[in-house]
Amino acid sequence: MAVPVAFFALFFAYPVTAIVGRGLKAEGAWQFGRIGEVLSRPDILDVLWFTTWQALASTALTLLIALPGAYVFARFDFPGKQVLRAVVTVPFVLPTVVVGTAFLALLGRGGLLDELWGVRLDTTVWAILLAHVFFNYAVVVRTVGGLWSQLDPRQEEAARVLGAGRFAAFGRVTLPALAPAVAAAALMVFLFTFTSFGVVQILGGPAYSTLEVEIYRQTAQLLDLPTAAVLTLVQFAAVGGILAVHAATVRRRERALKLVDPAQTSRRPRGAGQWALLGGVLLTALLLILLPLGVLVERSLDGPGGYGFGYYEALQSVGAGGSSTFLVPPLEAVGNSLRYALVATLIALVIGGLAAAALTRRAGRLVRGFDALLMLPLGVSAVTVGFGFLITLDKPPLDLRTSWILVPLAQALVGVPFVVRTMLPVLRAVDDRLREAAAVLGASPLRAWREVDLPLVRRAVLVAAGFAFAVSLGEFGATVFIARPDNPTLPVAVARLLGRSGELNYGQAMALSTILMLVCAVSLLLLERIRTDRSGEF
């Protein structure tokens, strides 16, 4: 636990505490009375209520739509499965501002629904909920599907032989085994929707505001640090309470499971019902995932003189069309993002892997509390973290403001919780008797981990690496404050272009977004090929 604790204390707790302290301190004294003043304001109470209920609704809708997809990817073998698994993960790495823009083109004025049926859903809650499902679909599919594919189906078949019906066998055998993974996926979806920023800001308009949007408004627009600090504390407390309840609930449901090679559980669909389920999942992926992504591609090619690659060609030069948005060609952001994401993934795997290994031992309340703390970066405002980096990591021996490592460190903070939540259910499902047998035969703890745990969890490690790489590619909230002007990442470059008026800037933003989508899809497809290569060793 020592390395993860030190990492989070230095790069999370210290910056967040410093920025909150600046907001609540006046003349060297803490002004806790400001908390009551802020929380008694009607506009703030409205923000708190909307933040909570839209996150609950988004989580429930995501689980309802994505769980059938998790089952299909875990149990069915069909042509194009690897490609489709990579495609459904792409939305998760897109900057939220791009997601909001894509759904605005579908649901807003002049969008597809408006043209076909005269229906507009922008500035409504439904647009926000659908965009959240689009963004978080892969979280459920990959987190739950990863464990589902390793559950031995013969246990459910045995229950049916003993007289249980299909739904009874699922509810009594499979669902309890999946409960920790489902709870972990639901928790991640809730935290991301609870702190939603770009989607709500673009699709909700002035009528809707989450805590994250309000913190940004109070900090960047109104310069009201005391109100922003209070809202950060509220967000921190709410997320901490949710994580505590989650840890207590999941701990009661965890048990050793019999895990098998996913190749033994995957087969072609049989019967009309299974083919209909596969067709329904494919249709959902088409309408929910591919259609918004198709809008991005179409707009990146739709130039003033017709369809072509003019916007892509403009990315190779600085100041195209008289713009001074960048100090370097925007296309350089592709290489920057890949380098940062690779380093951030390595950091997240080391920190998250050590933390998951420690949490597997269930060593008392201290470890259980650490389990909840690991998820806090997903529930604390990225604006707060970014500002905190700027005001704390500016003096020796930690003067990192001009160092390239600052960006991967911020990205790894978001990647570590995904590594832990992906690996932990599988690690805890490993039967302790296997480790004990290895120890009796003379294996050291390190060798027991290498010979027993690692072969069983290597798929989870690769899934975790994919998630860490994906979220690092798409991280925006903290990176926008610390990325150097001459080394922008793809999300930062897209946001800069969207923030400037003009058709050329908008077209370049769509072109960069398409490149980000393709880079992610190719990276995840390569990862899928590694995961399914049963002839190699991890």
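Residues numbered from 1 in each chain as written. Predicted model: local features only at pLDDT ≥ 70, side-chain atom pairs only at ≥ 80, totals over all residues. Heavy atoms only, no water.

As a further point, take the confidence of the model for the protein chain. Per-residue pLDDT for the protein chain averages 79, and the proportion of residues at 70 or more is 88%. Here helix α16 (residues 364-373) stands out as the least confident element of the protein chain, with mean pLDDT 66; helix α3 (residues 42-75) is the most confident, with 91. The low-confidence segment residues 534-538 (pLDDT under 50) makes eight contacts with residues lying over four places distant or belonging to another chain. (pLDDT = per-residue confidence, 0-100. Helix = DSSP H or I, 4+ residues; strand = E, 2+ residues; numbered from the N terminus. Contact = heavy atoms within 4.5 Å.)

Further remarks concern the side chain of T345. For T345, the location among the structural elements is in helix α15 (residues 332-360). Exposure remark for T345: the relative accessible area of 9% places this residue in the buried category. For T345, the side chain forms a polar contact with the main-chain nitrogen of F469, separated by 3.3 Å. Other than its neighbours up to four places away in sequence, T345 contacts A465, A468, F469 and S472. (Buried < 20%, exposed > 50% of the residue type's maximum accessible area, 1.4 Å probe, protein only. Polar contact = N/O pair within 3.5 Å; in protein donor to acceptor, adjacent residues only side chain to side chain.)

Running from N to C, α3 and helix α9 (residues 166-194) point in directions that differ by 135 degrees, and their axes come no closer than 8 Å. By the angle class used here, α3 and α9 are oblique. Taken as a pair, α3 and α9 cross one another with a handedness that is right-handed. For the pair α3 and α9, contact is made by T51, T52, Q54, A55, L56, S58, T59, T62, L63 and L67 and by V182, A186, V189, F190, T193 and F194, respectively. (Axes fitted to C-alpha atoms, helices over the stretch in contact; angles between N-to-C directions. Parallel < 35°, antiparallel > 145°, perpendicular 65-115°, else oblique. Left-handed = near helix turned anticlockwise from the far one by under 90°.)

To continue, consider the nonpolar core. Ranked by internal contacts, the top residues of the largest apolar core, which has 157 residues, are F7, L293, F389 and F418. Excluding anything up to four places from it in sequence, F389 contacts F11, P15, L406, L409, A410, L413 and I482. Counting residues in hydrophobic clusters, the runner-up holds five residues, among them V430, A438, A443 and A448. (Core = buried A, V, L, I, M, F, W, Y, C linked by side-chain atoms within 4.5 Å.)

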